[in-house]
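# Reading the structure
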Amino acid sequence: MKARFLSLFLIIGATGLSGCRETLIGVPDINFPPRIVVGCFIDPSYDTLTATLSLSMPLYEAGDEENFRGITDGIILLEGAGVTDTFRYDHVRRHYRLPATAVPILPDSSYTLKVYRGSSDTLLLAQARCTIPPVRDPQVELTAERDSSAPTPFYREFLNLDVRWPAQAAPERYFRMLYGLKHRSPTDSAISWINDAPGKPQVFTGTDATDGWIRVSDRFVFWGWGSPTGGITRAIVCVQETDVHSFRYLNALNAQINQPPGPFKEGVLLYSNIEGGLGCFGASNTYFVESPDL
């Protein structure tokens, strides 16, 4: 009996295995329904508000510039401070723009972003809401010193930078911090940010504090004009106190970018607060701190 059962199993198994065929699945076969993807961040210091609008892509499809599914005929409304106005699409910059004076962005105020499609504004595709953090100086302390002990070629030096500000765990506060060099001459002015590339440490909260302080230190190449008459250089720090939506989105984005290469890396889900779609509508308040002349 056992022998007959084993023979039957082998026959069925062989038949089943022989029926398996290798199948290659191409991108056209993975045709998931696309979703609206919205990106917009507002701040009282911005003179122009920008928003991006596109469609999500099927799994495995390349997300490069050539295949970017941008939507150019969308209608994006911003409501707040008792005013409502519409973003205008810029075909050169490939995003939507709205002068900040059209809808005043005020601290401690809430705003709603609504997205419609086509010439009719009767069908609401997506919406989100955010609140500008109130004005409260983060009390940033900045120390910047030129280090000539280890000169580099072409008359460059190193700059030792140390930034810190007090953390506050309750209620939780969220920050994004950029640092760099501000060059100014009689005829020109420019800022060179050091850590503005995606994936570099930029976002912080009270959990990142040590002894009650959030600290960031770096040592990078300094290349100033080198002449009092030719111009001056200062270290500059930009600290943005963000809402929770911006923090969670940027924090997840950094984690996704910093995933080690390889086929066994774990996926990181990006945060989204867009109802009916994907993306982020966030807010911040910006503060600048500069060092003395270097």
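Scanning the protein chain from terminus to terminus reveals two helices and 16 strands. Out of the 294 residues belonging to the protein chain, those deemed buried represent 35%. Partitioning the intrachain contacts of the protein chain with sequence separation of at least 6 by distance along the chain shows that 66% fall at a separation of at least 24. For the protein chain, the exposed surface amounts to about 17,600 Å²; the carbon and sulfur share of it is 56%.

Right, let's talk about helix 2 (residues 244-257) for a bit. The end-to-end C-alpha separation of helix 2 is 20 Å, in line with the 20 Å expected for 14 residues at 1.5 Å each. For helix 2, the set of buried residues is His245, Ser246, Phe247, Tyr249, Leu250, Ala252 and Asn254.

Our focus in this paragraph is the pattern of salt bridges. Applying the stated criterion across every chain, the model contains ten salt bridges. Two residues, Arg93 and Asp90, come together in a salt bridge whose shortest N-O distance is 2.7 Å. Of the residues examined, Arg93 reaches a relative accessible area of 48% and is grouped as partly exposed. The closest approach of N and O atoms between Glu290 and Arg234, which form a salt bridge, is 3.2 Å. Linking Glu290 in strand 16 (residues 278-290) with Arg234 in strand 15 (residues 232-242), this pair joins segments that are 56 residues apart in sequence. With a relative accessible area of 30%, Glu290 lands in the partly exposed category.

Once that is clear, we can look at unusual backbone geometry. Phi angles above zero are rare outside glycine, and Arg94 is one such case at about 65 degrees. Of note, Arg94 is situated in the loop between strand 5 (88-90) and strand 6 (95-99). On the basis of relative accessible area, Arg94 is assigned to the partly exposed category, the value being 37%.

A few words now on the nonpolar core. Counting residues in hydrophobic clusters, the biggest one holds 25 residues, and the most contacted among them are Ile42, Leu78, Phe87 and Phe281. Taken together, the elements giving at least two residues each to this core come down to strand 1 (36-42), strand 2 (48-55), strand 3 (74-80), strand 6, strand 7 (110-117), strand 8 (124-131) and strand 16. Top element by residues in this core is strand 1. It accounts for four residues. Each residue touching Phe87, except ones within four places of it in the same chain, is listed here: Cys40, Leu49, Thr50, Ala51, Ile76, Leu78, Tyr96, Arg97, Leu98 and Leu113.

Turning our attention to the side chain of Gln240. Along the chain, Gln240 falls in strand 15. For Gln240, a relative accessible area of 8% corresponds to the buried category. At a separation of 3.2 Å, a polar atom in the side chain of Gln240 contacts the side chain of Tyr46. Other than its neighbours up to four places away in sequence, Gln240 contacts Asp43, Tyr46, Tyr174, Phe175, Arg176, Ser284, Asn285 and Thr286.

Take the pairing of strand 7 next. Sheet analysis places strand 3 next to strand 7, joined by seven bridges and oriented antiparallel. Its bridge partner lying in strand 7, Leu78 is registered against Leu113. When strand 7 meets strand 8, the two strands line up antiparallel, connected through seven bridges. Residue pairing across strands places Ser110 opposite Thr131, the latter belonging to strand 8.

Right, let's get into the confidence of the model for the protein chain. Residue-level pLDDT values for the protein chain average 83, and 76% of them are 70 or greater. Mean pLDDT per element in the protein chain: helix 1 (residues 2-18) is the minimum at 42, and strand 6 is the maximum at 97. Contacts of residues 2-18 to residues separated by more than four positions or lying in other chains number zero contacts, the stretch itself having pLDDT below 50.

This paragraph deals with the environment of Ile274. Mapped onto the elements, Ile274 comes out in the loop between helix 2 and strand 16. Using a relative accessible area of 7% as the deciding quantity, one classes Ile274 as buried. Placed 149 residues apart in sequence, Ile274 and Leu125 show a C-alpha to C-alpha distance of 10.0 Å. Apart from the residues lying within four places of it in its own chain, the contact partners of Ile274 are Val38, Ala126, Gln127, Ala128, Gly279, Cys280 and Phe281.

On to the sheet that holds strand 3. Pairing is antiparallel across the open sheet formed by four strands, whose spatial order is 4-3-7-8. Strands at the two margins of the open sheet, each flanked by one partner only, are strand 4 (83-86) and strand 8. The average angle at which neighbouring strand axes cross in this sheet is 15 degrees, direction not considered.

A few words now on the packing of aromatic side chains. In the structure shown here, the tally under the stated rule is six aromatic pairs. With centroids separated by 5.7 Å and ring planes inclined at 70 degrees, the aromatic side chains of Trp165 and Phe175 adopt a geometry described as edge-to-face. Of the two residues, Trp165 sits in strand 10 (residues 156-166) while Phe175 sits in strand 11 (residues 174-184), which places them ten residues apart along the sequence. In this pair, the class of Trp165 matches that of Phe175, namely buried. Members of the aromatic cluster, connected to one another through ring pairs, are Trp165, Phe175 and Phe204. A cation sits over an aromatic face here: Arg164 above Trp213, 3.7 Å from the ring centre.

Conventions adopted
- Chains are numbered independently. Their residues run from 1 in the order of the written sequence.
- In keeping with the model being predicted, local features are shown solely for residues with a pLDDT of at least 70 and side-chain atom pairs are shown and tallied solely at 80 or more, while totals for entire chains, interfaces and linings include all residues.
- The basis for every side-chain value is the complete set of heavy atoms in the structure, and neither hydrogens nor water enter the calculation.
- Comment: elements are numbered from the N terminus, with helices defined as DSSP H or I runs of at least four residues and strands as E runs of at least two.
- The buried label applies to any residue whose accessible area, calculated with a 1.4 Å probe on protein chains only, is under 20% of its type's maximum; exposed applies above 50%, and partly exposed to all values in between.
- We call two residues in contact whenever any of their non-hydrogen atoms come within 4.5 Å of each other.
- Residue-level accessible areas treat just the shown protein chains as cover; the underlying method is Shrake-Rupley with a 1.4 Å probe.
- In this analysis, the expected span of each helix is defined as 1.5 Å times one less than the number of residues it contains.
- Between Lys or Arg on one side and Asp or Glu on the other, a salt bridge is scored when a side-chain nitrogen of the former is within 4 Å of a carboxyl oxygen of the latter.
- Residues grouped as a nonpolar core are buried Ala, Val, Leu, Ile, Met, Phe, Trp, Tyr and Cys residues, joined through side-chain atoms within 4.5 Å.
- Pairs of N or O atoms are called polar contacts if they sit within 3.5 Å, as long as, within protein, a hydrogen donor faces a hydrogen acceptor (for residues adjacent in sequence, only side-chain-to-side-chain pairs).
- Criterion used throughout: strands pair if DSSP finds at least two bridges between them.
- Values of pLDDT, the confidence the predictor places in each residue, fall between 0 and 100.
- Where helices are involved, their axes are fitted lines through C-alpha atoms of the stretch in contact, as for all axes, and angles between N-to-C directions lie from 0 to 180°.
- Each Phe, Tyr or Trp ring (for Trp, its six-membered ring) is paired with any other whose centre lies within 6.5 Å, and the angle between the two planes then decides the class: stacked below 30 degrees, edge-to-face above 60, tilted in between.
- By definition, being over a ring means that NZ of Lys or CZ of Arg is both within 6 Å of the ring centre and within 35 degrees of the ring normal.

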